[in-house]
Amino acid sequence: MDKVSPMMKHYLQTKAENPDCILFYRLGDFYEMFFDDALTVSREMELTLTGKACGMDKRAPMCGVPFHAADSYLNRLVKKGYKVAICEQVEDPKTAKGIVKRDIIRIVTPGTNIDQGSLEESRNNYIMSLVYFDNRTGIAISDVSTGDFYLTEVDRLKSVMDEISKYSPTEIICNDAFMVSGINIEDLRGRLGICLNTLDAHYFDEELAGRTIMDQFKVGSLTGLGISDFPTGIIAAGALLRYLEDMARSDLSNIGHITPYLAYKYMLLDSSTRRNLELTETMRDKSKRGSLLWVLDRTKTAMGARMLRRFIEQPLIDIDEMKARQSAIEALMNNAICRDEIREYLAPVYDLERIMSRISYKTANPRDLLSFRNSISMLPAIKIALEDTKGCAELERLSGEIDVLNDICDLIGSAIVDEPPLAIKDGGIIRDGYNNDIDSYRQAAVNGKEWLARLEEETRQSTGIKNLRIKYSNVFGYAFEVTNSNKDLVPDHFVRKQTLTNCERYTTQELKELEDTILGAKEKLNGLEYELFCDVRDRVEAEMSRIQKTAKAIALLDVYASLSYVAEKEHYVKPLLSENGIINIKEGRHPVIERMMDRTDLFISNDTYLDDNKHMISIITGPNMAGKSTYMRQTALIVLMAQIGSFVPASSAEIGIVDRIFTRVGASDDLGSGQSTFMVEMNEVANILRNASSKSLLILDEIGRGTSTYDGLSIAWAVIEHIANKKLLGAKTLFATHYHELTELEGKIDSVSNYCIAVKEKGDDIVFLRKIIKGGADKSYGIQVAKLAGIPAMVTDRARQICDELAKSDITLKVKEISAQDGPKGRKPKPKHYDAVDLGQMSLFESTTDEDVIEELKSIDISNLTPLDALNTLYKLQNDLKNRWKA
Ligand code: ADP
Ligand code: MG
């Protein structure tokens, strides 16, 4: 170690203090990385790996990025989940004695990055702090780039997952206990790509947490913040604040409010329901296009876009809050001209929240301040336009929250020029007349030009060089330029400074003095401009809470205007909200599928009626592709939209509000993760049966499909019996199934009704009518659908033949037998024959021999088998054997 150079010693020490970070170590014009960091970064960023001699036996592996391009490398590394610590020179290398002093100025992590270029405008970048303690989990969430800070506490792991999927944080910090709480950490890190790390125990000190929070929010007690009911949440919040401070190495002035909430005060949506309903992104390619957010988002500002996303991610359960939102949307509908005017005024409004964060982190530049001013200069017009919607309490409340910020507008307007540069240290920022010193320095610069012109003219006269000129360059300063042809005329007291191709440049004592005066003034001017700019920035920062409040009001207004605009364009209606448990939708439509169609009238509307009694459960049958899934999702989406406060795609709607929506989509419809899809399906059904209440809405799409016909049918059957039982659950349910045998439940259970999606048979073909009608389908039309899909006639004809054979001993007969018995304890159907149209089970009719099975076993290419294939293959082989013994 003794041989190691002093710089490397400091490097190793700094690295040891931050072992989990990649260290960007400033050397001259580069940030350099060494050892493992160098290996990692050169691999991830495709940079050349070099080495540096540093007194050790071997050269240290090294790679570097130029400091002016560092941001893009840094952002890319952070996006990949790395933490990057920036170690900067903190004294001027020119004046430093010995080795330049260096220090970490900030650490950038996925959840603490505020760089504009790396953040998605319409999306919050959340960091979450989770503290597991005594079977409870305290949760604190923040978006550093906007200053949002929330806190809650939950008592079940399932709810922790629900909160995680609601916020989709990019980073999680937690205590050690959380790692063994039973949460699937690998899933969070792997599938969800969250950067998850534990922090040292001292972060989770209860007393310190309380003090940190009181300091941050400048209060004398926690009670005033309304958070004293969340003891574990407080620890999470304290840890998060300290972590954020440690990363930013500065105070967090943009985090001025803490918003406690109770998870159950919003509609709870689990992650698979969010995914299935495609609320903010599609299942297939995770794109916004094709999601509910895509349909509803006509916001004009980034703040509005983020708020709308939050609306969709957490629908309400408080009917008064929903009605308040409705009233605002309606008032803006009734005054569309004024709404459209407001939307025009909103269009040029910048992301005030994120600019404020940059202001508080002192990274905002003069152009940020100018866009800030241009944005807030729209506020008076917006406020005046809002007056035309008088009479709506919610909009009046909003208008009251909007502060037009005249003083700040004037301050920036008087201080900053109209087209300022990006750089903050090169001057050209402050407007004439704002400050006397600035004006006089500028005057000196102007005078300097005159002095120079005079000197140029005098020197021409005295030397007789007609084309002599005074030139300026950044490196050499001012000089007399003399072309080569006039070199002989140059007097002796001229000192040569620079030689160019066609000329020489000289200076003189007099010119040097003039240069010092002019450049000195320039230097002072730049310094003062920088100081004044920082002062203006700090004065804006001092108004943080007024500005943030206004920004939130503007965001909300933008959301209301967007929802109102969409409602008008897409012909939505205001739903009648109630707590009587009745859902009565007339001519409902699927908001997304309708938008995806070339012509909206191509979508066939349908009614939905559900209540807590006779119409609690609808069993929906109909062939594949008839529109079952679409119909059920449309109902779920309409209910959800109503509980956001939005209008809905229907001709009329009465929505008895629900506490939760659950959806489960059958195995083969789901493009889920790598697990056995049947297992996933059953997990989710288990979750629904355990967590749903009589106020929930259940959407069950083809459950029981991932297993054999008999198993599947039996499970589906028993699940419906369970849901229908008011003592056990009694929840409103739409249940789509291709087991038309389930229609037997109507009449048997009071609350079950049969519906089917009509098709018209034309000989051997079918036409989809997409209309839901009373009654059950008596067939599955699988063969007709197969034909539509282009299966060759030879195959479908043969299938028809087999089907007719099978029908002679139809499963339905058996099912009728069971339904004649009592309740779920009735005898289980024994497998004898298979569903008439289940083409998957055809092996029954081939004469399988043991050898066939053995041959098939031998031929399996195990290395290319997915777990699901393996399960299916095993199932088929076992069936082959079983059937052979039966035959
Ligand atoms: P199922 O679940 O019965 O197999 P889907 O709900 O998946 O059928 O619908 C299949 C396709 O039919 C959808 O992708 C959509 O394009 C179309 N579709 C469904 N419902 C309607 C409707 N009401 N109007 C127009 N097209 C519809
Ligand atoms: Mg379907």
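Since the structure is predicted, the reported quantities are computational estimates derived from the model, not experimental observations. (Residues numbered from 1 in each chain as written. Chains lettered and ligands numbered in written order. Predicted model: local features only at pLDDT ≥ 70, side-chain atom pairs only at ≥ 80, totals over all residues. Heavy atoms only, no water.)

Caption draft 1: Representation of the side chain of Glu684 within the structure. Looking at where Glu684 falls in the secondary structure, it is placed in helix H24 (residues 677–691). Engagement of the side chain of Glu684 in a polar contact is seen with the side chain of Arg664, the distance being 2.3 Å. Beyond its immediate sequence surroundings of up to four residues, Glu684 is in contact with Ser272, Arg275 and Arg664. (Helix = DSSP H or I, 4+ residues; strand = E, 2+ residues; numbered from the N terminus. Polar contact = N/O pair within 3.5 Å; in protein donor to acceptor, adjacent residues only side chain to side chain. Contact = heavy atoms within 4.5 Å.)

Caption draft 2: Molecular detail of the environment of Lys15. Checked against the element boundaries, Lys15 lands in helix H1 (residues 6–17). Separated by 72 residues in the primary sequence, Lys15 and Cys87 have C-alpha atoms spaced 9.8 Å apart. Non-local contacts of Lys15, meaning those with residues more than four positions away in its chain, are made with Cys21, Ile22, Leu23 and Asp37.

Caption draft 3: Expanded view of the pairing of strand S2 (residues 30–34). Most of S2 is tucked away, with four of its five residues classed as buried. Across three bridges, strand S1 (residues 21–27) lies against S2 in antiparallel orientation. Following the sheet pairing, Arg26 is matched in S2 by Tyr31. The antiparallel pairing of S1 with S2 creates a hairpin that spans two residues between the two strands, and Gly28 there sits at a positive phi of about 60°. (Buried < 20%, exposed > 50% of the residue type's maximum accessible area, 1.4 Å probe, protein only. Pairing = 2+ DSSP bridges.)

Caption draft 4: Broad picture of the site of ligand 1. In the vicinity of ligand 1 there are 13 residues, among which Ile604, Met625, Lys628, Ser629 and Thr630 approach most closely. At 3.2 Å, a side-chain N or O of Arg770 approaches an oxygen atom of ligand 1. Within the complex, 79% of the 560 Å² of free accessible area of ligand 1 lies under protein. A total of three residues in the shell around ligand 1 trace back to one element, the largest contributor, which is helix H23 (residues 628–644). The residue makeup of the shell around ligand 1, split by class, is seven nonpolar, four polar and two charged. (Near = heavy atom within 4 Å. Areas by Shrake-Rupley, 256 points an atom, 1.4 Å probe, with all protein chains shown as cover. Nonpolar A, V, L, I, M, F, W, Y, C, P; charged D, E, K, R; others polar.)

Caption draft 5: Fine view of the confidence of the model for the protein. Per-residue confidence for the protein averages 87 on the pLDDT scale, and 93% of its residues sit at or above 70. pLDDT under 50 marks residues 667–673. Its contacts with residues more than four places away, or in other chains, come to 14 contacts. For the stretch residues 823–847, pLDDT sits under 50, and the model shows 40 contacts to residues farther than four places along the chain or on other chains. (pLDDT = per-residue confidence, 0-100.)

Caption draft 6: The packing of aromatic side chains, seen in detail. Going through the model one piece at a time under the given rule, you end up with 12 aromatic pairs. Taken together, a centroid distance of 5.1 Å and an interplanar angle of 85° make the contact between Tyr126 and Tyr167 edge-to-face. With Tyr126 in the loop between strand S6 (102–108) and strand S7 (127–133) and Tyr167 in helix H4 (residues 157–167), this residue pair connects regions lying 41 residues apart in the sequence. Like Tyr126, the residue Tyr167 is buried in the burial classification. (Phe/Tyr/Trp six-rings, centres within 6.5 Å; stacked < 30°, edge-to-face > 60°.)

Caption draft 7: Representation of H4. Summarising burial for H4: eight of the 11 residues are buried, a large majority. Buried within H4 we find Ser159, Val160, Asp162, Glu163, Ile164, Ser165, Lys166 and Tyr167. Once H4 ends, the next one or two residues include Ser168, with phi positive near 30°.

Caption draft 8: Layout of the sheet that holds strand S12 (residues 259–260). Here we have six strands laid out as an open sheet, ordered S11-S10-S7-S8-S9-S12, and mixed in their pairing. Strands with a single pairing partner mark the edges of an open sheet, and in this sheet they are strand S11 (195–198) and S12. As defined by bridge partners, strand S9 (residues 148–154) adjoins S12 across two bridges and the pair is classed as parallel. When the sheet's bridge partners are listed, Leu151 is paired in S12 with Pro260. Against the sheet, helix H8 (residues 231–248) touches S7, strand S8 (136–143), S9 and strand S10 (171–174), its axis set at about 35° to S8. (Axes fitted to C-alpha atoms, helices over the stretch in contact; angles between N-to-C directions.)

Caption draft 9: Spatial organisation of the layout of surface pockets. Taken as a whole, the second largest pocket encloses approximately 1800 Å³ of empty space. Looking at the lining of the second largest pocket element by element, the count peaks at four residues for S6. When grouped by side-chain class, the residues that make up the lining of the second largest pocket number 22 nonpolar, 10 polar and 15 charged. (1 Å grid on protein atoms, 1.4 Å probe; cavity = no way out; pocket = protein on both sides within 12 Å on 5 of 7 lines; lining within 4 Å. Points joined across faces, edges and corners; volume = space filled by probe spheres on them.)

Caption draft 10: How the structure looks around a nonpolar patch on the surface. A surface patch of nonpolar side chains, about 210 Å² in accessible area, is lined by Ile593, Met597 and Leu602. Tracing the sequence through the fold places Ile593 in helix H22 (residues 591–596). (Patch = residues over 30% accessible without salt bridge, like charges linked within 9 Å, V, L, I, M, F, W, Y side chains within 5 Å. Salt bridge = Lys/Arg side-chain N within 4 Å of Asp/Glu carboxyl O.)

Caption draft 11: Examining the sheet that holds strand S22 (residues 661–665) more closely. Pairing is mixed in the open sheet, where six strands are placed in the order S22-S23-S24-S20-S25-S26. Taken across any chain shown, the strands that pair with only one partner, and hence form the sheet edges, are S22 and strand S26 (765–774). Put simply, the sheet's adjacent strands are angled 15° from each other on average, direction ignored. Relative to strand S25 (residues 752–762), strand S20 (residues 617–621) runs parallel, the two sharing five bridges. Looking across to S25, one finds that Ile620 is bridged to Tyr755. Strands S20, S22, strand S23 (697–701), strand S24 (732–736), S25 and S26 of the sheet are contacted by H23, whose axis makes an angle of about 160° with S23.

Caption draft 12: Structural view of the nonpolar core. Grouped together as the largest cluster of nonpolar side chains are 107 residues, with contacts concentrated most on Leu296, Phe372, Leu395, Val540, Leu640, Ile655 and Ile661. Contact partners of Ile661, with chain neighbours within four places excluded, come to Met267, Leu268, Leu269, Thr273, Leu277, Ala636, Val639, Leu640 and Leu697. Among the nonpolar cores identified, the runner-up in size contains 49 residues, and Cys87, Ala237, Leu240 and Leu244 belong to it. (Core = buried A, V, L, I, M, F, W, Y, C linked by side-chain atoms within 4.5 Å.)

Caption draft 13: The arrangement of unusual backbone geometry in detail. Residue Asn135 is not a glycine yet carries a positive backbone phi of 70°. Tracing the chain through its elements places Asn135 in the loop between S7 and S8. Given the relative accessible area of 56%, Asn135 is considered exposed.

Caption draft 14: Examining the pattern of salt bridges more closely. Throughout the structure, instances matching the rule amount to 48 salt bridges. Note that Arg431 and Asp418 form a salt bridge whose closest N and O atoms lie 2.7 Å from each other. Of this pair, Arg431 sits in the loop between helix H18 (406–415) and helix H19 (436–463) while Asp418 sits in the loop between H18 and H19, and the two are 13 residues apart along the sequence. Classification of Asp418 as exposed rests on a relative accessible area of 54%.

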